[in-house]
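# Observations on chain architecture
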Amino acid sequence: MDIRETHPFDLAPAEAIRLQERLRKQVKPSGDAGEVSLVAGADASYARGSDVIHAVVVVLRYPDLSVVERASAATATAFPYIPGLLTFREGPAIIEAFQQLASEPDVIFFDGQGIAHPRGLGIASHMGVLFDRPAVGVAKSLLVGTATEPGPGRGSTAPILQDGETIGMAVRTKERVKPVYVSVGHRIDLSQAVDLVLATGRGYRLPEPTRQAHLFANTVRREEGRDDRQTGLPAR
DNA sequence: GCGACAG
DNA sequence: ATCTTGTCGC
């Protein structure tokens, strides 16, 4: 059945925040993803004037990183982007994309934070709890916390700190390129999460699962997205 | 009250 | 996230 039948997404910001504070108790920020043979990357894409979100999930075999499956879904959203409430905007589309998936990935990479979030429930933790699967947050910038600059070499790391606690890790995935911010989503240790991010790297800043999801999301939006009317509206 | 602020 | 060509650096 559909998770969306038991989990509300069409909420007012204040209600969404209360739901996050309730769900954060179900997050397990530790564990072992076990023998990883399938790693998935989830991402969303949309045209600027449109409320149609195209979400995708790409599954790669580990450790060879060959793509074994791709799934997508498009949904209309009314929820705007509000820092800290990203899941309420992209969650429904991502859930639907996963429902189109045949395989069961051992771990899922999400585009955004895990527990490195104001209420400890970034999109990776939120989705991880709903799917009850190991999840990792791979973000391109920080939402909360601070981190010192990792060394210049690939593999260098620096803890993301908040109130003296390590809530994630800044990871240099490519020499001399801005680091990515990894935080545990659900049912996995930070060290294994960081190891997986580095082990799924292929010379680019973003790990392959995430990168492939990005690419596929854009492809799907431009091809199948011939229904969300033009981009030719004079912005201004 | 003034900034900061995943995607 | 998205718009958008060329361009600087390794």
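On a predicted model such as this, the values are computed, not experimentally measured, just so you know.

The rules we used
- Residues numbered from 1 in each chain as written.
- Chains lettered and ligands numbered in written order.
- Predicted model: local features only at pLDDT ≥ 70, side-chain atom pairs only at ≥ 80, totals over all residues.
- Heavy atoms only, no water.
- Helix = DSSP H or I, 4+ residues; strand = E, 2+ residues; numbered from the N terminus.
- Rg over C-alpha atoms; globule rule 2.2 N^0.38 Å.
- Buried < 20%, exposed > 50% of the residue type's maximum accessible area, 1.4 Å probe, protein only.
- Contact = heavy atoms within 4.5 Å.
- Areas by Shrake-Rupley, 256 points an atom, 1.4 Å probe, with all protein chains shown as cover.
- Lys, Arg positive; Asp, Glu negative; His and termini not counted.
- Charge placed at Lys NZ, Arg CZ, Asp CG, Glu CD.
- UniProt positions renumbered as here; feature names shortened; annotations may be inferred.
- Pairing = 2+ DSSP bridges.
- Axes fitted to C-alpha atoms, helices over the stretch in contact; angles between N-to-C directions.

### Some details on the overall build of chain A
- Helices and strands together make up the secondary structure of chain A, namely 5 helices and 9 strands.
- Taken over the C-alpha trace, chain A has a radius of gyration of 17 Å; the compact-globule value for 236 residues is 18 Å, and the two agree within 12%.
- For the C-alpha atoms alone, the extent of chain A along its principal axes is close to 45 × 40 × 40 Å.
- When each of the 236 residues of chain A is scored for burial, the buried share is 54%.
- Put simply, of all contacts in chain A between residues at least 6 apart along the chain, 64% involve residues at least 24 apart.
- Within the structure as shown, chain A displays about 11100 Å² of accessible surface, and the carbon and sulfur contribution to it stands at 49%.
- Put simply, chain A has 27 plus and 28 minus side-chain charges, and the middle of one group is 6 Å from the middle of the other.

### Quick word on unusual backbone geometry
- Here the bond from Tyr-62 into Pro-63 is cis, since omega is 10 degrees, no more than 30 degrees from zero.
- With respect to the secondary-structure elements, Pro-63 resides in the loop between β2 (52–61) and β3 (67–76).
- Despite not being glycine, Asp-163 shows a phi value in the positive range, around 55 degrees.
- With respect to the secondary-structure elements, Asp-163 resides in the loop between β7 (157–162) and β8 (165–171).
- Judged by relative accessible area, which is 73%, Asp-163 ranks as exposed.
- Not every positive phi belongs to a glycine, and Arg-176 is a case in point at roughly 60 degrees.
- Mapping Arg-176 onto the fold places it in the loop between β8 and β9 (180–186).
- Residue Arg-176 is classed as exposed on the basis of its relative accessible area, which comes to 76%.

### A closer look at the UniProt feature "binding site: Mg(2+)" (unreviewed entry) in chain A
- The UniProt entry lists Asp-43 and Asp-111 under the feature "binding site: Mg(2+)" (unreviewed entry), expressed in the numbering used here. For the annotated residues, spread through 69 residues, the largest C-alpha to C-alpha distance comes to 5.9 Å, consistent with a single compact locus.
- With respect to the helices, strands and loops of the structure, Asp-43 is situated in strand β1 (residues 38–45).
- Given a relative accessible area of 6%, Asp-43 falls into the buried group.
- If we ignore the near neighbours within four places in the chain, the residues touching Asp-43 are His-54, Ala-55, Val-56, Asp-111, Ala-213, His-214 and Ala-217.

### What to know about helix α4 (residues 190–199)
- Of all 10 residues in α4, 7 are buried; the element is thus mostly enclosed.
- The set of residues buried in α4 consists of Leu-190, Gln-192, Ala-193, Val-194, Leu-196, Val-197 and Leu-198.
- Where α4 is buried, its residues touch β4 (107–111), β5 (135–139), β7, β8 and β9.

### Here's the deal with the sheet that holds strand β6 (residues 146–147)
- An order of β3-β2-β1-β4-β5-β9-β8-β7-β6 is seen for the 9 strands of this open sheet, with the pairing classed as mixed. Two strands bound the open sheet, and with one partner strand each, they are β3 and β6.
- Bridging between β1 and β2 involves 8 bridges; their strand directions are antiparallel. Paired with Ser-45 across the two strands is His-54, which belongs to β2.
- Packed on one face of the sheet, helix α5 (residues 208–223) meets β1, β2, β3, β4 and β5 and runs near 40 degrees to β1.

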